[in-house]
Amino acid sequence: LCPRLCPPPGASKWDVREKVWDYLEASGLADFPRPVHRRIPNFKGSRQACCSIKELDVFDRAREIKVDPDKPLEGVRLAALQARKTLLVPTPRLRTGLFNRIVPPSGATKEILRICATSQGIKEYSVPVGLDGKARVDLVVVGSVAVSEKGWRIGKGEGYADMEYAMMVSMGAVQADTPVITIVHDCQVVDIAEELLDDHDLTVDYILTPTRTIKTNCKRPKPQGIIWHKVSYEMLEKIPILKSLRYREKQAGKEVALQDEHSDLTNANTPAVLNEKAKAENTRPQTAMGSAQIGQHYVESDSLSPRLEGSGMITTVYVGNIPPSVRVSELKCALREFRATPLRLNWQGAQHRAFLDYKDKATAESAVSSLKGLSLGGNTLRVKLAKNQRNKG
């Protein structure tokens, strides 16, 4: 432990972070990108610390490894690629999904593999993995600002590593015994008071530094899924894939009330009752809706459509990549859930697509934004404004 960095009693997580960042900069240990404040800090000796992962049995046995995109973990990403393991890297701030799978070109040279391990390579040589991408992660590698020998970890404060892990639990990508490793400088190993830890905080099983490999034997349970009452609407809007996960868990009857609405919940909102409500909503007659089955196509419109069709304002949204197993009722249910109900729905299931008509461009763009990242039946749907914005009379 670094005595100068051990936080005083009553120190907050932010106090610990500031102390570590300040020390790394002041002592000349900080490495590009600088300054290290508000980042998972890169440090001199990070490559050496990363290389020691090759000596661990858990690395040797792992076939699929999830490694965060932080600079100090570049050496681990390279080691995974060199060992021909499947490398998954979370998308930055989870904006476009959960993972990218790094796929080096066939016959990649050592130099190409080195590029694949960098942030630029992640952009150039990766394919997205959706919510139902059947990932089976054998090893998780995360960055840290500070960590204790007991395995208690403090990140940079945005909560993405914790959220990524919780999402992996929810999608069945990790198990309770999947090992978690962090790579830090020796000075980042400090005492952390247990009262600073929350239920959603991820703990680690191994700490690799330039001089040591520490097995923590941590007994504190890791997060067992997303703790929805700690998720805000703002976070839900920032992370599209989180919306899909919440929708899926709500369909399964789980409690998914968010932080913003949790204080208003009453006993009536138990998971069982919520499920009954959802069923009731799904079966409630749509009095203003008319529908017609036309061959392979299904068109649904409400009474507003005819009046608006002549106005020249209707904007159409294209929804593609719909799996054959998905029914129109499932899409309608999702549209209601994401507050993106169109004036008219043109279902073309045989072509794996649908077209949604909205009253104007602003409403259509809002729907595209809301539905971004939505996964149905194992596929992440492609949602965008339709190429041809003509009225359908």
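Criteria and cut-off values
Residues numbered from 1 in each chain as written. Predicted model: local features only at pLDDT ≥ 70, side-chain atom pairs only at ≥ 80, totals over all residues. Heavy atoms only, no water. Axes fitted to C-alpha atoms, helices over the stretch in contact; angles between N-to-C directions. Helix = DSSP H or I, 4+ residues; strand = E, 2+ residues; numbered from the N terminus. Left-handed = near helix turned anticlockwise from the far one by under 90°. Contact = heavy atoms within 4.5 Å. Buried < 20%, exposed > 50% of the residue type's maximum accessible area, 1.4 Å probe, protein only. pLDDT = per-residue confidence, 0-100. Pairing = 2+ DSSP bridges. 1 Å grid on protein atoms, 1.4 Å probe; cavity = no way out; pocket = protein on both sides within 12 Å on 5 of 7 lines; lining within 4 Å. Points joined across faces, edges and corners; volume = space filled by probe spheres on them. Core = buried A, V, L, I, M, F, W, Y, C linked by side-chain atoms within 4.5 Å. Salt bridge = Lys/Arg side-chain N within 4 Å of Asp/Glu carboxyl O.

An unreviewed UniProt entry lists the protein under the name Methenyltetrahydrofolate synthase domain-containing protein, from Eudyptes filholi.

Between two packed helices, what matters for the description is the angle formed by their axes and the separation of those axes. Their axes nearest at 11 Å, the elements helix α9 (residues 240-251) and helix α13 (residues 328-337) cross at an angle of 115°. Seen from above, α9 lies across α13 with right-handed handedness. Contacts between α9 and α13 involve R246, Y247, K250 and Q251 from the first element and E330, C333, A334 and E337 from the second.

Omega for the peptide link from F32 to P33 comes to 0°, which places this bond in the cis form. Cis geometry is adopted by the peptide bond preceding P35, which originates at R34 and carries an omega value of -10°. Structurally, P35 is set in the loop between α1 (13-26) and α2 (46-51). Look at R38: it is not a glycine, yet its phi comes out positive at around 65°. Here R38 is to be found in the loop between α1 and α2. The phi angle at H352 is positive, at roughly 60°, despite the residue not being glycine. Position of H352 relative to the elements: it lies in the loop between β14 (344-348) and β15 (353-358). Under the relative-accessibility criterion, H352 is labelled partly exposed at 34%.

In the predicted model, the protein carries a mean pLDDT of 82, and the fraction of residues at 70 or more is 82%. A low-confidence stretch, residues 264-296 (pLDDT under 50), is modelled with 37 contacts involving residues beyond four sequence positions or located in other chains. Long-range and interchain partners of residues 301-311, a stretch whose pLDDT sits below 50, account for 21 contacts in this model, where long-range means more than four residues apart.

Turning next to the sheet that holds strand β3 (residues 99-102). The strand order across the open sheet formed by eight strands is β4-β3-β2-β1-β5-β8-β9-β10, and the pairing between neighbours is mixed. With partners counted over all chains shown, the strands left at the sheet margins are β4 (126-129) and β10 (213-215), one partner each. Strand-to-strand, the axes of this sheet are offset by a mean angle of 25°, without reference to chain direction. Where strand β1 (residues 64-67) lies against strand β2 (residues 86-90), three bridges are found, and the strand directions are parallel.

Attention now goes to the layout of surface pockets. Estimates place the volume of the largest pocket at around 1,200 Å³. If you trace the largest pocket, you find 47 residues lining it, with I40, D70, K156, E158 and Y160 closest to the centre. For the lining of the largest pocket, the secondary structure elements donating two or more residues are α1, α6 (119-124), β7 (153-154) and α7 (160-170). In terms of residue count, α7 provides more of the lining of the largest pocket than any other element does, six residues in total.

Before going further, it helps to spend a moment on the environment of A49. Its location among the elements puts A49 in helix α2. A49 sits 133 residues away from T182 along the chain, and the two C-alpha atoms are 9.8 Å apart. Leaving out residues up to four positions away in the same chain, A49 has contacts with F43, I183, L208, T209 and P210.

One finds I53, L139, V141, I181 and I183 to be the most contacted residues of the largest nonpolar core, which totals 47 residues. Those residues within four positions of I181 in sequence are excluded, and the remaining contacts are I53, L56, V58, L139, V140, V141, V142, Y206 and L208. In terms of nonpolar packing, the next biggest core, distinct from the first, is built from 37 residues, A166, M168, V174 and L245 among them.

Applying the stated criterion across every chain yields a total of 14 salt bridges. Between R114 and E111 there is a salt bridge, with its nearest N and O atoms 3.1 Å apart. Of this pair, R114 and E111 both sit in helix α5 (residues 110-116), three residues apart, roughly one helical turn. A residue is classified by how much of its surface remains accessible, and R114, at 38% relative accessible area, is partly exposed. One salt bridge in this structure joins R220 and E194, with 3.2 Å as the shortest N-O distance. With R220 in the loop between β10 and α8 (233-238) and E194 in the loop between β8 (180-183) and β9 (206-208), this residue pair connects regions lying 26 residues apart in the sequence. A relative accessible area of 21% means that R220 is categorised as partly exposed. Taken together, the shared-partner salt bridges connect K13, D198 and D201 into one network.

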